[in-house]
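Breakdown of the fold
One-letter residues, chain by chain:
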Amino acid sequence: MEKLTSIDSFHALQGRLLADRDPTIPTIVISAGTCGQASGANDLIRAAKRELLSRELTDRIHLRITGCQGFCEAEPSVLIEPRGTFYPKVGPGEMVGIIEAVARGEVLENLLFVDPHTGTPVEKQTEISFYKKQVRTILARNEKVDPIRVYDYVENGGYSALARVLASGDPSRVVEEVKASGLRGRGGAGFPTGLKWELLAKQRNGQGKFLVCNGDEGDPGAYMDRSVLEGNPHSIIEGMLIGGFATGANKGVFYVRNEYPLAIKHLTIALRQSRGLGLLGDNILGTGFSFDLKLVRGAGAFVCGEETALIRSIEGKMGEPRQRPPFPVEKGIDGKPTAINNVETWANIPVIINDGGARFAKIGTKRNTGTKIFSLVGKIKHTGLVEVPMGITIEEIVNDIGGGPVGRARIKAVQTGGPSGGCIPANRFDLPVDYDSLTEAGSIMGSGGMIVMDDSTCMVDVAKYFMNFLKGESCGKCFTCRKGTQRMYELLEDISQGKGTLERLSLLEELALVVKDSSMCGLGQTASNPVLSTLRYFRDEYVAHIEHRRCPGGVCRDLVTYSINEDCNGCGACAKQCPAEAISGTLKERHVIDSVKCTKCGNCRTVCQYDAVQVV
Amino acid sequence: MITLAINRLPVAVEEGETLLEAARFLGFPIPTLCHMDGLSPYGACRLCVVEIGEGPKARLVSSCTYPAQEGLKVRTASARVLRARKMILELLLASCPQSKIIQDLASAHRVSQQRFRQEHEDCILCGLCVRMCEQQMMAKAIGFRGRGETRSIGTPFDMKSEQCRLCGGCIYVCPACQLRCTYTEPDKAICGGCANLSPPCVEKEQFDDMMCYMNPCVACEIEKD
């Protein structure tokens, strides 16, 4: 790899790469993030490589292995460029057929994605309902680059934004541009990024400012940062380089949780490559600007996503938040000024520099600009990562992009913002998704988890689940957060076991408010949100548990009984699955569940194809 | 000097002073458990919360860690503060009812019962002992381990610490007191196993020479009679 010593040599390299590229050659793009690999993308890659080599097609058909393309439900998926054909859930045996079809320039109709509403196959990725309403500024780049090849990134316009700001030589203009874009921190709190940079740039102490990329994504069911780290690490490096230039910082830290091995691998490779190209280190592109990055792996504590705890963790101390002020931008790592931004924020920076802040500000709404990636999971047809402009309604995300509920169920709420977030009921789905509206509705944007719940979800159980998570992940420093989460869990458990009383419910509410009020860091201050927001919108479910000893969602084991109704045709599938041997009956006749033996595991309900197992 | 208002009373303090120090200078009482002069502020017990800011931006902060800021308006005993303090005391009583210090604080705030499931814990994890050991005894023999509900205080890997001189400073500062210094060798520790909040030996002249392994802890008193 040649070391680039000037901005001109960078442009020369980019020009050479573009000249070598023939965009008409069909390329098979295999989505192979952690999720893709888990669902079998590695087998597809092996099959594709074998076929292309044995048929000597490597010159005529290219293969690109990329990070996550977002449509989890369809993994492992294959995209054929430049035509845009999308094949979902490809089996390893089907790869041969796909390659043959690509060689002939045809499309395999039978493997295409079938729209669940119309029942017709859809060929192009962009026309699939899941992708149609998305604005994929960040995620679409995942498909274009192989994360372990820096030339792929450069070829697609990568590092041009860096070259541009270095050529202009004016750090304050970069800050102005970011301010004009209106970008707000994607980690959840939504602090304006430009303002943070301006504060950092103003700090004296020139030799020793830090930039941090917060990749400690710990919310259950959220994985957008992982997919960007895995799929396009260079875009984050570029963002941080631009940030370094703008704020006068010359050291950067990637804080990535150790549970993301592929992200760490790709980042390590990317750092080595950009250092090799002379894009990282001393005297970058001969401009005299120096910036270096190191990777620090998080040891698995959720609280280390909180910025002051994260700083302590980077320093090698126990991950424990401290009082702000002083804010990290004044006193951060080793007492030096530090700006911490989320992965997605950094990935947005090159886009802002390339397109201009004004154009970025046009996407979304006035005070909430740009796009945001959500991980849409739960009881919904199309799960996956969706990137949408801010201000889109929950309705559009859930029904248009997500494809609505699975089967005959009815969606009743969406939980946003991870364990510290809250639930938003279906009758408020016209709410625009942005920082301010979600906070007003009693939830938070958070880093972007979105868990869809239908009528088979019990809201008391949801609150209990999150409280269980929080009582284990609270750092334990503040007494209110540590003991408060434990006590809230205790009260919720009582309610879910039918031992609750209305007095205890008001005690729960009282406690939740105090925990929210008197804890030090963001974790403690939002730890009550699961309780408060479910109480706000689903108090009737709590009351049903307490007064009627009934769980409307059919989840809380102590309050439900399983029975088989007249829809049963006696297939016997449930009896075979029952681990407690509680189901009896003769073939082709209605079966019966012995409620004494029944352990309420729910196996029978899962296997029954006739909806004959009832939970009351 | 920084000028701020505490309960509408103006006060000027040195830069770097905390709200707690400013309030105490004016004579406003703020209860604390994890705070001690001579040890760095930590902000763990949350009893010292005060209300700052106004309108929708008003919020509670721990006065022992929050630095005095120019123009800040502080309320040390607003309804919101008292509500939080009472709940914290109720939680403390529910976990650690045997502590005299906690009982006294609760009674001073008219908290006479607690509504949670009763526990009997030895430690409220205020961290006084950890800071005492590190900052005054220069030993760093004990520290925090784990997080959330499994957080505890002890020596690394629960092995006898070479740093510990059995000074007993940790027990002396403990508001909930039990077994702090006993770690793996209770028989060699001072006052090991004592549930008494202020062991009598601490008051004795020959305390420094004491290597007490009597059982029960107050055995020295019993023998004297």
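What counts and what doesn't
Residues numbered from 1 in each chain as written. Chains lettered and ligands numbered in written order. Predicted model: local features only at pLDDT ≥ 70, side-chain atom pairs only at ≥ 80, totals over all residues. Heavy atoms only, no water. Helix = DSSP H or I, 4+ residues; strand = E, 2+ residues; numbered from the N terminus. Rg over C-alpha atoms; globule rule 2.2 N^0.38 Å. Buried < 20%, exposed > 50% of the residue type's maximum accessible area, 1.4 Å probe, protein only. Contact = heavy atoms within 4.5 Å. Areas by Shrake-Rupley, 256 points an atom, 1.4 Å probe, with all protein chains shown as cover. Lys, Arg positive; Asp, Glu negative; His and termini not counted. Charge placed at Lys NZ, Arg CZ, Asp CG, Glu CD. Domains from an automatic or database assignment. Buried area = accessible area lost by both parts, 1.4 Å probe. Salt bridge = Lys/Arg side-chain N within 4 Å of Asp/Glu carboxyl O. Polar contact = N/O pair within 3.5 Å; in protein donor to acceptor, adjacent residues only side chain to side chain. Nonpolar A, V, L, I, M, F, W, Y, C, P; charged D, E, K, R; others polar. Arc of directions from axis to C-beta. Core = buried A, V, L, I, M, F, W, Y, C linked by side-chain atoms within 4.5 Å. Pairing = 2+ DSSP bridges. Axes fitted to C-alpha atoms, helices over the stretch in contact; angles between N-to-C directions. Phe/Tyr/Trp six-rings, centres within 6.5 Å; stacked < 30°, edge-to-face > 60°. Lys NZ or Arg CZ within 6 Å of the ring centre and 35° of its normal. Patch = residues over 30% accessible without salt bridge, like charges linked within 9 Å, V, L, I, M, F, W, Y side chains within 5 Å. Parallel < 35°, antiparallel > 145°, perpendicular 65-115°, else oblique. Left-handed = near helix turned anticlockwise from the far one by under 90°.

**Brief notes about the overall build of chain A**
- Of the regular secondary structure elements, chain A holds 25 helices and 20 strands.
- The C-alpha atoms of chain A give a radius of gyration of 26 Å, which matches the 25 Å a tight globule of 616 residues would have.
- Oriented by its inertia axes, the alpha-carbon framework of chain A measures out at about 80 × 65 × 40 Å.
- When each of the 616 residues of chain A is scored for burial, the buried share is 60%.
- Taking contacts inside chain A between residues at least 6 apart in sequence as the whole, the part at least 24 apart equals 69%.
- With the model as given, the accessible surface of chain A reaches about 23,500 Å², and the carbon-plus-sulfur share is 50%.
- Each charge sign in chain A was given a centre, from 73 positive and 72 negative side chains, and these centres are 4 Å apart.

**Points about the overall build of chain B**
- Counting its regular elements, chain B contains six helices and seven strands.
- Counted from the first residue to the last, chain B has its helices and strands arranged as β-β-α-β-β-β-α-α-α-β-β-α-α.

**Here we look at the domain arrangement of chain B**
Residues and elements named next belong to chain B.
- According to the domain assignment, chain B consists of domain 1 (2-108) and domain 2 (128-224).
- At the junction of the two partners, domain 1 supplies 14 residues and domain 2 supplies eleven residues.
- The largest per-residue losses of area from domain 1 upon contact with domain 2 belong to Met36, Leu39 and Tyr42, which jointly make up 42% of the total buried on that side.
- There are zero salt bridges connecting domain 1 and domain 2.
- At the junction of domain 1 and domain 2, the tally comes to five residue pairs in polar contact (both at pLDDT 80 or more).
- Across the side of domain 1 that touches domain 2, the residue classes break down as eight nonpolar, five polar and one charged.

**What about helix 1 (residues 19-26) of chain B?**
Residues and elements named next belong to chain B.
- Listed in full, the buried residues belonging to helix 1 are Leu19, Leu20, Ala22 and Ala23. Mapping the buried residues of helix 1 onto a view down its axis gives an arc of 165°, with all of them on the same face.
- Contact partners of the buried residues in helix 1: strand 1 (2-6), strand 2 (9-13), strand 3 (49-52), strand 4 (59-62) and strand 5 (73-75).
- Of the residues flanking the end of helix 1, it is Gly27, one or two places downstream, whose phi is positive at about 90°.

**Topic: the nonpolar core**
- Membership of the largest hydrophobic core comes to 112 residues, with the highest contact counts inside it found for A:Tyr159, A:Phe254 and A:Phe291.
- Ignoring sequence-local partners within four residues, the contact set of A:Phe254 consists of A:Cys213, A:Ile236, A:Ile237, A:Met240, A:Leu267, A:Leu271, A:Leu293, A:Lys294, A:Leu295 and A:Val296.
- A:Val460, B:Cys96, B:Leu105 and B:Cys129 belong to the second-largest nonpolar core, a separate cluster that totals 106 residues.

**Some thoughts on the sheet that holds strand 3 of chain B**
Residues and elements named next belong to chain B.
- Reading across the sheet, the five strands line up as 2-1-5-3-4 and stay open at both edges, with mixed pairing between neighbours. Two strands close off the open sheet at either side, each with one partner strand: strand 2 and strand 4. Taken pair by pair, the neighbouring strands of this sheet meet at an average axis angle of 40°, ignoring direction.
- Taken together, the five bridges between strand 1 and strand 2 define a ladder with antiparallel strand orientation.

**Some remarks on the interface of chain A and chain B**
- Taken together, the contacts link 34 residues of chain A with 36 residues of chain B.
- Summed over both partners, the interface of chain A with chain B comes to about 3,200 Å²; 52% of that surface belongs to carbon and sulfur atoms.
- Our enumeration of links across chain A and chain B arrives at ten salt bridges.
- With its nearest N and O atoms 3.0 Å apart, the salt bridge here joins B:Glu119 to A:Lys483.

**What about the packing of aromatic side chains?**
Residue and element names in this part refer to chain A.
- Using the criterion set out here, one finds 13 aromatic pairs over all chains in the structure.
- Over the ring of Tyr260 we find Arg226; its NZ or CZ atom is 6.0 Å from the centre of that ring.
- We note Lys471 situated over the ring of Tyr489; from NZ or CZ to the ring centre the distance is 4.5 Å.

**Notes on the environment of A:Arg557**
- Of note, A:Arg557 is situated in the loop between helix 23 (529-547) and strand 17 (562-564).
- Each C-alpha atom of the pair A:Arg557 and A:Cys601 lies 8.4 Å from the other, and the pair is 44 residues apart in sequence.

**Quick look at a nonpolar patch on the surface**
- Taken together, the side chains of A:Phe191, A:Leu195 and A:Leu199 define a hydrophobic patch exposed on the protein surface, amounting to about 230 Å² of accessible area.
- Looking at the element boundaries, A:Leu195 is found in helix 10 (residues 193-202).

**Digging into the pattern of salt bridges**
- By the definition in use, this model includes 44 salt bridges over all chains.
- Between A:Arg16 and A:Glu2 there is a salt bridge, with its nearest N and O atoms 2.8 Å apart. With A:Arg16 in helix 1 (residues 7-20) and A:Glu2 in the segment before helix 1, this residue pair connects regions lying 14 residues apart in the sequence.
- For A:Glu2, a relative accessible area of 38% translates into the label partly exposed.
- Each of A:Lys483, A:Arg487, A:Glu490, B:Glu119 and B:Glu121 takes part in a single network of salt bridges with overlapping partners.

**Considerations on the sheet that holds strand 8 (residues 251-257) of chain A**
Residue and element names in this part refer to chain A.
- The mixed open sheet is built from five strands, whose spatial order is 9-10-8-7-11. Strands at the two margins of the open sheet, each flanked by one partner only, are strand 9 (281-284) and strand 11 (338-342). Shown here is a sheet whose adjacent strand axes are inclined to one another by a mean of 25°, direction ignored.
- Relative to strand 11, strand 7 (residues 210-215) runs parallel, the two sharing five bridges. Among the inter-strand pairings, Asn214 is bridged to a residue of strand 11, identified as Asn342.
- Against the sheet, helix 10 engages strand 7 and strand 11, with an angle of about 160° to strand 11.

**Examining the packing of helix 9 (residues 171-181) of chain A against helix 12 (residues 233-247) of chain A**
Residue and element names in this part refer to chain A.
- Close contact between helix 9 and helix 12 brings their axes to 7 Å; oriented N to C, the two are set at 120°. By the angle class used here, helix 9 and helix 12 are oblique. Relative to helix 12, helix 9 is oriented so that their crossing is left-handed. Of the residues in helix 12, those touching helix 9 at Pro171, Val174 and Val175 are Ile242, Phe245 and Ala246.
- Across the contact of helix 9 with helix 12, the residue classes break down as six nonpolar, no polar and no charged.

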